[in-house]
Structure formats: structure tokens, C-alpha cells
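Geometric and topological summary
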Amino acid sequence: MSRRYTRSLLVLAISMALSAEVLADPQSAEQEKTLDSIVVTASPMGNRIDDFAKPVSVLTGEALDLAKSNTLGETVAGETGVQSTFFGVGVGRPIIRGQEGSRVQVLANNMLTGDVSTVSADHAVTLEPFLADQIEVLRGPAVLLYGSGAIAGAVNVVDGRIPTTPYADAFGGKAELRYNSANNGYTGMGRLDGNFADESFSWHIDFVTRDTEDYDIPGYAFSKDLIDEELAEGESLDEFSKGKQPNSNLTADSFAAGLTWFGENSWLGASYSRFETNYGIPPGAHAHEEDHDGEDHDEEAEEEAELVRIDMSQSRFDLQGGFNDVGIFKSLVMRLADTDYEHTELEGAETGTQFFSDTLEVRLEAAQKTWNGWNGAFGIQYVDNDFEAVGDEAFVPPTSTTDWGFFVLQEREFGDFKLEIGARYDDVRLKPDAVGLPDRSFNPFSYSLGGIWKINELFHLTAVFDGAQRAPRAEELYAFGPHVATGTFEIGNEDLDKEESIGGNIGLHFHNGKIDASVSFYRTEYDNFIYLEGSDLELDELPVAYWSQTDATFTGWEAQLSWDFLENRSGLWTINALVDSVNTSTGGGDNLPRIVPSRLGVDIAWQLGNWTAGFGLMHVYDQDETAPGETETDGYNMVNANIAYRWTAGGTDLQVFLNGSNLADEEARVSTSYLKDFAPLPGRTLEAGIRIFF
């Protein structure tokens, strides 16, 4: 075991030792943290967090308000075992236990987002974190509920756009306005909820608008190694951007409206939403074919032409309805989502590649009444997606994909032990619209066996064993062409087989009135793991990369601690800590590329009356366990702080807040990012704002 992991274990051990006096004095059930009673909507059986054998966490309330950021990945990156991709401030997708992209499903109210964020690292998720009521993170395979795209986990954003229960008040809502010092940016959001006709109808309206400039950075945009290479080729240091990340500004706007009718034991609701964003890709991230026409070009015009922006929009219609207490079923729920997505890559004033994706998803879930001690649910999911890319860099042909999924989940308690079992079968068919490319069909089958043993009132032991399969995606099968986001000429493999994984997770959870702590160990072994393999060949002046398969193993552990260590006239003081680490290897003994580094985070939170505050440090270790051809990445420290004051005036709650991130103004580069040599994370940042609840 390396020294960095030993240090992490030591810090956690010290924290647990300090809490020994509290462990000796267990508290009653009434003092348990309210988070344990939160219902996880991703479960059709309405389970609480403590009811899952699989690791689950939920961001809600003030913790969610504090975590909210421009992207979903950055918003959940403070959760144990979760980090974020980075392709500029407009793009950040969750990474769960070292896995990302097509293995991590991102959901909006239990339904697919319908975007193309898994196709390329520079494509954003069409979700607005500022509108979330709660965000649910399922670590480990979530394929039983959401298909093979969740073989590594899922993140579900719950925003209440379709009310599922009648609102208690005739009218209510909230609003927020914040300013960001690093990008001179403003974010505003508003939400209104209400009911009428004796609570037979509930309605919802929301919006978010965001406008930012290029963000501040501590030093140069290019990494030291890259600058040294350019200087050696005759470039001048004055030509490199310093203090500002070029072309990192963005705008984003979203709007939604929803309405639900409630009957005696039934309900039916619908919503329409629109999402638009325009964001820049930092220079150097996109490589284009050279212009060989021999004409002279104005230097400023050339620089302008190199700037790439993505102009994205999505329209979405959702329909949900259900019945309660129907025969042998506690509930029957139907969900439908129809999304129309498109984005254009703008190369200066020119229109580059365009992406289009139309997705129809229908989901039926039936939760059974208790039968012979068993509770559970059955479900059917249908997805029909038409994808098309048009332009010089359309490296994936137009492809239609259909997926029929059938799943069953069952659970039963045997005294202090709860058993969970489940299975899912899918029929996935891909049809490319290109000469010479074959149709492919796959039948992934997945299963899970898990249990929770309540050792006593303080300790719960969980164990899960999963077998999962994933069908290859269109880009993995059929890609052929320059993929500028990865800086490679990608070549797919139409003969790819299904990915197959077998894995397990064992965890110990301790909680009483003052302490909540957990530790988990996991291991997943893949057969036919699909990955992008580099080569020494070049096409169109880009290195060739092939979609290939190999055996792969993911091994890791994670732990968290929340301890209310002091409560007196000075206020309530809480220490929070997390540590997580993952190692990978291939069948040939190499590391997989772009794997997340280990982390250790500690913060202290304080609350007194209407005041709350916090101060914390997140240490990200060096990533030196790299794949062949991959460079190492230095670690960094993120120093963060926050303070807020909340009061009531005229029946309206108001809160003013000030958040600070990267207060040490340290240069930080994300090892999982294709941009790590072109764009660091933002430097010292202060965010000030006000929230209104009415």
C-alpha cells in the first residue's frame, strides 16, 4: 500500500478515534440525521437511503444549495466516490468510481436526458443543477433499473417539474441571484409552484439564466510542459494566455412549465421544457485540418477562426401518470419523455459539425403489495433514439437505436437481515445508415444479489454481488473520422462484443445522533471492456485510436464521516471528511487511461441561530498511475469557505451568502480531462448572492 493511501487511512482512523466518547453513548432513534428518512425516487419502491444495500447518497436542502454549480458533474463532485469530467466550465459529467461516459447514466426525474453527452467529451448534459430539489447518486451498477448505460452507476436529478403530490399551499416558490468574481458572471433562477380547484390541480413554472465571461486562472492557460515544447519550436512566451482562460465564456437559459391533475387514487401530469446554451471550447482543445490553399491570412482572423463554440438546444415533453392501490399493486406508474436535441459546433463565423438526436422513452413500473413477506416492483422500459451528425468532423454515421428492457426487483426482511434480488433483460438493436456497416443486436442480461444486516442500532453491514452486461454504443461500433475533442482519428470496431462485469461491494455504516460514518470496499472485473486504444499511426494529421476490448479490473474504497462534535453557546460544530481511491488494470497489466486520482477532504461546518459557515480543504493526489502514452498529472489543494445568514421578513424567508473556492489560487489541472494541458480549473473565486423563499 502506497504512502498516500496510508495517510488517508490514518486521518480516517484518527477521526473515528476522536469520536470514541460518542460511540460509547448511543443516542435514540429520534436523534438520527434527517437525511436517513429521505425517499430515493430512483427506486420504484420508494426506499429510504438506509434501505439500500447498494451505496446511495442524496444531495438536498442546504447541502445541495451550497454544492450547486454550472455543471452537474461539478455539483456532485463533493460526494464520496464521485468526481467530474472537465471540458471548460460549460461541460462537466459525473465520474463514478473511476468510470464515466457511456457507463454512467444521467437521468432527469428517472428518465434519460436525451442529449449526446456520452458521444464526445465536449458535449454538455442538458440539465440545470440550480433547479434540482434533490440529486440522487447510485454508486455501482444501476443497470437493473436503467439499462446497460448505468453499468457503473447513475445520477438522478429530481426537479419537480411534474408535481407528483398536491402542493399544500395555493402559491409558493423561490428565487436566487448570484454573482461570480472569477468570470464576472451572473446566474438567476426562479420557481413558482401552486394549486387550484381544491388541490385537484398543481402547477409548476421555473427558469434559469446564466451569463459569464472568460474565467480567471492563476497562471498560464497552457501547462508548463506544453509551453516548453512550444518555446523550443520558436514561439514567444508573450503569445501564451495568462490570467484568463480564453474562449471560456458561456450563456445558458432554460424554462419549464408543468401541470398535474389529481384524482382520488390516480394522477396525470405533463411538462414542457426548453434548454439552450452557448459555450466556448478553450483554444488548443480542438484540432482541425490545415488550410493548404497557399493564401495568406490575417493573423487575427486566423486566431478568431480557431475559436470553437458549441450552440446547443433541446426541447422536451414529459408525461407521467399513475394509479394507487390497484388490485395486487400498491402503485402503477407510467412515464414518457420525448426529446428533440441539436447542437452546432461553430468554428469562428463558420458552421462546423452539427449533431441531432431525437429520443422517445416510455417506462412502466408496477410496485406490488406485500406478498408472503416480499416487496418489489416490475418494469418495462422502451427507448427509441435517432442520432445524426452532419459536417466534416461527423465521425459517427447516422444510427437508429432501440432498446426494450424488462426488470424485476424483490426484497424481503428476515429479522435483522434484509435480502435484495433483481434481474434485467434487454434487447438492443443498432441500425447505421451507411453503406457497408452491419446492423448489430445485443441481449444484455444483468442480475444482483444483496443484503443489509442490522447488527444493532448503531451498525449496519451491507454486501452486494452484481453481474452486469453492456451493449456497445454507436460511436464504439461505427466511428470513423477525426474526433477533435479527443484529438484523435477514431476508428470503431463493428465486431465488438458485449461488456460483461462481475463485481462486489461490502460496506459498514455507523450512525447515531451525532455521528454518521461509512466505509465501502469494491471490486469489479470486466470481460471485453471497451476502451479507446492509441496507436503510432496518423490520419489527417491526427493520431489514430481504435475502439478495442480487453479484460479490466476496478478496485477501490471510499469512506465518509460526519460528526457533530460540539454543541454549546458557540453553536453547532460539525466535522465532515471523505476519502476515496480507485485503481485499475487491464489484462496486459497496464493502467486504464484518464482514471481519477485519490482524494482526501476535510471541512468544518458551523451553525448558530440564523448563521451558517464552513471551511474546508480537498486534497487531490498526484495521478502517476497512468496508461501507456499518458502523462502524469500533479495533485493540488482546493481551499473552500462559505458563510450565509437567513432571516424572515413579512412572511418571506431570505438568505444572503458568500462562497469562496480555490482561495489559495492554486493551479489545478484535471487528470481525467482531455484539456489538462490547455485549461486549468478556475482560480480564486468568490460567489455572492441572495435566495428568497416564499
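The structure under discussion appears in the preceding block.
Residues numbered from 1 in each chain as written. Predicted model: local features only at pLDDT ≥ 70, side-chain atom pairs only at ≥ 80, totals over all residues. Heavy atoms only, no water.

Description of the nonpolar core
Grouped together as the largest cluster of nonpolar side chains are 50 residues, with contacts concentrated most on Tyr279, Met312, Phe387, Leu430 and Leu681. The residues contacting Leu681, other than those within four sequence positions of it, are Phe86, Tyr215, Ile217, Pro218, Tyr636, Met638, Ala668 and Val670. Formed by 35 residues, the second largest nonpolar core is a distinct cluster that contains Phe52, Ala377, Ala552 and Leu592. (Core = buried A, V, L, I, M, F, W, Y, C linked by side-chain atoms within 4.5 Å. Buried < 20%, exposed > 50% of the residue type's maximum accessible area, 1.4 Å probe, protein only. Contact = heavy atoms within 4.5 Å.)

Notes on the sheet that holds strand S6 (residues 134-139)
Pairing within the open sheet is mixed, and its five strands lie in the order S1-S6-S7-S4-S5. Here the strands that pair on one side only, and so sit at the sheet edges, are strand S1 (56-60) and strand S5 (111-112). Bridging between S6 and strand S7 (residues 153-158) involves six bridges; their strand directions are antiparallel. Paired with Val137 across the two strands is Val155, which belongs to S7. (Pairing = 2+ DSSP bridges. Helix = DSSP H or I, 4+ residues; strand = E, 2+ residues; numbered from the N terminus.)

Remarks on unusual backbone geometry
Although it is not a glycine, Arg97 sits at a positive phi angle of roughly 50 degrees. Looking at where Arg97 falls in the secondary structure, it is placed in the loop between strand S3 (94-96) and strand S4 (104-108). Here Asn247, not a glycine, exhibits a phi torsion of approximately 55 degrees, which is positive. Within the element layout of this structure, Asn247 appears in the loop between strand S12 (242-244) and strand S13 (250-262).

Describing the packing of aromatic side chains
Applying the stated criterion across every chain yields a total of 21 aromatic pairs. On the basis of an interplanar angle of 70 degrees and a centroid distance of 5.6 Å, the ring pair of Phe222 and Phe678 is categorised as edge-to-face. With Phe222 in the loop between strand S11 (216-220) and helix H6 (224-232) and Phe678 in the loop between strand S33 (652-661) and strand S34 (685-693), this pair connects stretches of sequence that are 456 residues apart. Chaining the aromatic ring pairs together yields one cluster made of Phe171, Trp203 and Phe694. Above the plane of the ring of Tyr522 lies Arg97, whose end atom (NZ or CZ) is 4.0 Å from the centre. Here the guanidinium or amino end of Arg646 rests over the ring plane of Phe693, the centre of that ring lying 4.1 Å away. (Phe/Tyr/Trp six-rings, centres within 6.5 Å; stacked < 30°, edge-to-face > 60°. Lys NZ or Arg CZ within 6 Å of the ring centre and 35° of its normal.)

Focus on a nonpolar patch on the surface
A cluster of nonpolar side chains, contributed by Leu364, Ile380, Trp404, Phe406, Ile421, Tyr425, Phe445, Tyr447, Leu449, Phe465 and Ile502, occupies part of the molecular surface with about 970 Å² of accessible area. It is strand S22 (residues 445-454) that contributes the most residues to the nonpolar patch, three residues altogether. Note on placement: Ile421 falls in strand S20 (residues 417-432). (Patch = residues over 30% accessible without salt bridge, like charges linked within 9 Å, V, L, I, M, F, W, Y side chains within 5 Å. Areas by Shrake-Rupley, 256 points an atom, 1.4 Å probe, with all protein chains shown as cover. Salt bridge = Lys/Arg side-chain N within 4 Å of Asp/Glu carboxyl O.)

Re a negative patch on the surface
On the surface, a cluster of negative charge is made up of Asp225, Glu229, Glu233, Glu235, Asp238, Glu239, Asp622, Glu632 and Asp634. You can call Glu235 partly exposed: its relative accessible area is 33%. (Lys, Arg positive; Asp, Glu negative; His and termini not counted. Charge placed at Lys NZ, Arg CZ, Asp CG, Glu CD.)

Re the pairing of strand S23 (residues 459-470)
Alignment of S22 against S23, held across eight bridges, turns out to be antiparallel. Paired with Gly451 across the strands is Ala463, a residue of S23. In sequence, S22 turns back onto S23 through a hairpin of four residues. Note that S23 and strand S26 (residues 499-511) share 12 bridges and pair antiparallel. Bridged to Phe465 within S26 is Gly504.

Some points on the side chain of Arg161
If you trace the backbone, Arg161 turns up in the loop between S7 and strand S8 (171-180). In this structure the side chain of Arg161 is engaged in a polar contact, spanning 3.1 Å, whose partner is the side chain of Asp206. Residues in contact with Arg161, not counting those within four places in the same chain, are Leu131, His204, Asp206, Ser254, Ala256, Gly258, Ser271 and Ser273. (Polar contact = N/O pair within 3.5 Å; in protein donor to acceptor, adjacent residues only side chain to side chain.)

Thoughts on the pattern of salt bridges
Pairs may arise between side chains of opposite charge once their charged atoms sit close together. Throughout the structure, instances matching the rule amount to 31 salt bridges. Lys369 serves as the salt-bridge partner of Asp325, at 2.5 Å between the closest nitrogen and oxygen. Here the residue Asp325 occupies a position in strand S15 (residues 308-326), and Lys369 occupies one in the loop between strand S17 (350-368) and strand S18 (374-390), the gap between them amounting to 44 residues. We classify Asp325 as exposed; its relative accessible area is 52%. Connected through shared salt-bridge partners, Arg103, Arg470, Glu476 and Glu499 make up one network.

Brief notes about the environment of Gly219
If you trace the backbone, Gly219 turns up in strand S11. Residue class for Gly219 comes out buried when judged on its relative accessible area of 12%. In the structure, Gly219 is positioned 447 residues away from Glu666 in sequence and 9.0 Å away in space, judged by C-alpha atoms. Beyond its immediate chain neighbours, meaning those up to four positions away, Gly219 contacts Ser241, Lys242 and Gly243.

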